[in-house]
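Coordinates in review
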Amino acid sequence: MTAAPRVTVDAIRPASRQIVATVAATLRPIHSRLMTETMRGLAAALSPNADFWSGWSAVRYLNDRFDWQYRCQRTLVAAIMPLIPPADARVLCATTDALEEVRYDLDRVGRWRNMTAVTGGLTYRFLKLLNAWVVEIQRVTQDLTDAELSPEGRRALTQLELTSPKLRRLRV
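Model, not experiment: these values are computed from the prediction.

1. Side note on helix H5 (residues 151-163)
- Its 13 residues place the ends of H5 18 Å apart at the C-alpha level, agreeing with the 18 Å of an ideal helix rising 1.5 Å per residue.
- Gly 153, Ala 156, Leu 157, Leu 160 and Glu 161 are the residues of H5 that are buried. Relative to the axis of H5, the buried residues are bounded by an arc of 135 degrees and lie together on one face.

See the structure below:
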C-alpha cells in the first residue's frame, strides 16, 4: 500500500488570511542549486579516471566555493533546532554530525597522493549525506515560517536567498 504524497509549500495564517512561504519552500530552490553546484564541483573525484589532482580539486571546491553556503546552512540548522520536536532534532543533529565527519575525512584524504579510490568513495558518501541533510532540513522546516526563526536564523536564510543567482534575478 502506498501513501499519498504529502506536499506542504505554504502556511496560511488564519488571523490575516495571508499566505506566507515556509522555510522549506524558501530553501527548496537554494538546496537544489547547492546540490547541482556541489555535484559539479566534486564530479572529477568520482570519475574512474580520477587522479591526485581530481581529489585536490574536490578539496579546494569544498574549502572555497562550498564552505560559505555550508556555514550559513549550519547557522540556520542551529536556529531551527529549538523550534522542532526533539526526535527531529536528534535526526538532524546526527545527519549533520555524519556529514561533518565525512567532510573532514574528505578534506584530509583528498590532499594525499595515491588515495584516489578512497577520495572517490568519500566524495560519493559526502554527496549522499549532503542530499540526506538538505532533505531533512526541508522536512523539519515544512511548517516553519521565517518569522518563527531567531534573528540569526533569519539572517542566515536571507544570506542564502541573496547568494542564489536564480532567486536574485526574480527579486530584481
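Having put the structure on the table, let's press on.
2. Notes on the nonpolar core
- Membership of the largest hydrophobic core comes to 37 residues, with the highest contact counts inside it found for Phe 126, Leu 130 and Trp 133.
- Secondary structure elements with two or more residues in this core: helix H1 (23-46), helix H2 (52-80), helix H3 (86-109), helix H4 (116-140) and H5.
- In this structure Trp 133 touches Tyr 70, Gln 73, Arg 74, Val 77, Leu 92, Thr 95, Thr 96 and Leu 99, once residues within four positions along its chain are discounted.

3. Description of the environment of Arg 113
- When you line up the elements, Arg 113 lands in the loop between H3 and H4.
- Taking the C-alpha atoms as reference points, Arg 113 and Trp 53, separated by 60 residues in sequence, lie 8.9 Å from one another.
- The residues touching Arg 113, leaving out its near neighbours within four places in the chain, are Phe 52 and Trp 53.

Each value, and the rule that gives it
- Residues numbered from 1 in each chain as written.
- Predicted model: local features only at pLDDT ≥ 70, side-chain atom pairs only at ≥ 80, totals over all residues.
- Heavy atoms only, no water.
- Helix = DSSP H or I, 4+ residues; strand = E, 2+ residues; numbered from the N terminus.
- Expected span 1.5 Å × (residues − 1).
- Buried < 20%, exposed > 50% of the residue type's maximum accessible area, 1.4 Å probe, protein only.
- Arc of directions from axis to C-beta.
- Core = buried A, V, L, I, M, F, W, Y, C linked by side-chain atoms within 4.5 Å.
- Contact = heavy atoms within 4.5 Å.

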